[in-house]
Each structure stands twice: as structure tokens, then as C-alpha cells.
Amino acid sequence: MAIMIWNEKYSVGVTELDEQHKSLIHMINEMHYAMNNDKGQEAITSIIEQMFAYMELHFSTEEGYMQQFGYLGLLAHQKSHEEFRSKARDLRERVSAGEFVLSFEILQFLSDWLQNHILVSDMKYTSLFAEKGLR
């Protein structure tokens, strides 16, 4: 059973960005499923690599549109993206070093990102993107 289901409240009104956000929900559900089946530790490396793929594609896409349309909150948004990158790098380094990383830590991080970044920060650019005709 999925812990997180896509809901239109997560939509930023841009299909490309919404599809990328759906991959984040998939990661959350994958981590949750693994944890519920006593495979959380086995899933960590895969989830971290998915986080890297997500952040490289999504952040460059999103920031590219922000630059193109002159979004005034670009610098603050880039800073929040860098915080995600930093946490992802930290998790990857800890796992690579053989440190024990709780699967719950990753699940909580991704869930918090969804709730606090997408539902708050990302929603700030939706009217500008719509005004510029981005769908």
C-alpha cells in the first residue's frame, strides 16, 4: 500500500515538472514499501541514487524556467535546492563509508521535502509560469 498518492494539490501546473515530482512520490513509496517488508537497508543505495537523478534533472529544469521567465525568487529557490543536494551527498557519503543510515531518515527527508518544498516554495512560481504560458 502506498503511503503517498499523487494529488492535484501537488501540481505546479506544468506537466513536465509534475511528472518529475511524481518520481519523488515514487521514491517515498518505494522506501516505505521496503521498510514495511524488512528491506529498508537494502533499498537505501537505490533510493539515494534515484535522489541524485531526480535532483539533477528536476533542479536544472525548474531553475532553467525560473531564469527564462525572470523569477524573482530564483536565488532563494536555488539555495533550497542546494540544501537538498547537500543532504543527498551526505547520505551517499555515509553509506559509502559503511555508516549505518536509517531508512526512516531517508523516508522522512523525502516526505518533508515534498510537504515543505513542493507545497510551499514551488507553489510560489506557479502563477508566473502560467502567465508565461508554460503548461
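Residues numbered from 1 in each chain as written. Predicted model: local features only at pLDDT ≥ 70, side-chain atom pairs only at ≥ 80, totals over all residues. Heavy atoms only, no water.

Visitor: An account of the overall build of the chain is needed here, citing residue identities and associated values.
Guide: For the chain, the count of helices and strands is five helices and zero strands. The helix and strand sequence of the chain, counted from the amino end, reads α-α-α-α-α. Its C-alpha radius of gyration of 15 Å places the chain within 12% of the 14 Å reference for a compact globule of 135 residues. Expressed as lengths along the three principal axes of its C-alpha atoms, the size of the chain is roughly 45 × 30 × 20 Å. Here the analysis covers contacts within the chain between residues at least 6 apart in sequence; of these, 75% occur between residues at least 24 apart. Looking at the chain as shown, the accessible area adds up to about 7,200 Å², and 54% of this sits on carbon and sulfur atoms. Averaged over its 12 positive side-chain charges, the chain has a centre that lies 4 Å from the centre of its 20 negative ones. (Helix = DSSP H or I, 4+ residues; strand = E, 2+ residues; numbered from the N terminus. Rg over C-alpha atoms; globule rule 2.2 N^0.38 Å. Contact = heavy atoms within 4.5 Å. Areas by Shrake-Rupley, 256 points an atom, 1.4 Å probe, with all protein chains shown as cover. Lys, Arg positive; Asp, Glu negative; His and termini not counted. Charge placed at Lys NZ, Arg CZ, Asp CG, Glu CD.)

Visitor: Please set out helix H2 (residues 40–69) residue by residue, giving values where relevant.
Guide: For H2, built from 30 residues, the straight-helix expectation of 44 Å at 1.5 Å per residue is met to within 8% by its first-to-last C-alpha distance of 41 Å. Its maximal kink placed at serine 46, H2 deviates by approximately 25 degrees. Downstream of H2 by a residue or two, glycine 70 has a phi angle that is positive, lying close to 70 degrees. (Expected span 1.5 Å × (residues − 1). Bend = angle between axes of the 7 residues up to and from the residue.)

Visitor: Account for the nonpolar core, with residues named and values stated.
Guide: Counting residues in each nonpolar core, the largest one holds 28 residues, and the members touching the most others are Met51, Tyr54, Phe84, Ile106 and Leu110. The leading source of residues in this core is H2, at nine residues. What isoleucine 106 contacts, discounting residues up to four positions off in sequence, is Met31, Ile44, Ile47, Ile48, Met51, Leu91 and Val101. Of all hydrophobic cores here, the second largest spans 12 residues; its members include Val12, Val14, Met66 and Phe129. (Core = buried A, V, L, I, M, F, W, Y, C linked by side-chain atoms within 4.5 Å. Buried < 20%, exposed > 50% of the residue type's maximum accessible area, 1.4 Å probe, protein only.)

Visitor: Just give me the short version of unusual backbone geometry, but keep the residues and values in it.
Guide: In the Ramachandran plot, aspartate 38 falls in the positive-phi region, its phi being about 55 degrees despite a non-glycine side chain. Its location among the elements puts aspartate 38 in the loop between helix H1 (15–36) and H2.

Visitor: Residue-level account of the environment of glutamate 16, with values.
Guide: Along the chain, glutamate 16 falls in helix H1. Here glutamate 16 is in contact with Thr61 and Tyr65, once residues within four sequence places are set aside.

Visitor: Talk me through the packing of H1 against helix H4 (residues 103–121); I want residue IDs and the actual numbers.
Guide: As a packed pair, H1 and H4 sit with axes 10 Å apart at the nearest point and diverge in direction by 150 degrees. Our classification of the angle between H1 and H4 gives roughly antiparallel. The way H1 lies across H4 gives a crossing that is left-handed. On H4, the residues touching His21, Leu24, Ile25, Met27, Ile28, Met31, His32 and Met35 of H1 are Ser103, Phe104, Ile106, Leu107, Leu110, Ser111, Trp113, Leu114 and Ile118. Of the residues in the contact of H1 with H4, the class split is 13 nonpolar, four polar and no charged. (Axes fitted to C-alpha atoms, helices over the stretch in contact; angles between N-to-C directions. Parallel < 35°, antiparallel > 145°, perpendicular 65-115°, else oblique. Left-handed = near helix turned anticlockwise from the far one by under 90°. Nonpolar A, V, L, I, M, F, W, Y, C, P; charged D, E, K, R; others polar.)

Visitor: Quick one: what's the story with the pattern of salt bridges, residue by residue and with numbers?
Guide: Under the counting rule described, the total for this entry stands at eight salt bridges. Taken together, the shared-partner salt bridges connect Lys87, Asp90, Arg94, Glu99 and Glu105 into one network. (Salt bridge = Lys/Arg side-chain N within 4 Å of Asp/Glu carboxyl O.)

Visitor: Break down a nonpolar patch on the surface for me, citing the residues and quoting the values.
Guide: A cluster of nonpolar side chains, Phe100, Leu102 and Phe104, forms an exposed patch at the surface whose accessible area comes to about 350 Å². Residue placement: phenylalanine 100 occurs in the loop between helix H3 (74–96) and H4. (Patch = residues over 30% accessible without salt bridge, like charges linked within 9 Å, V, L, I, M, F, W, Y side chains within 5 Å.)

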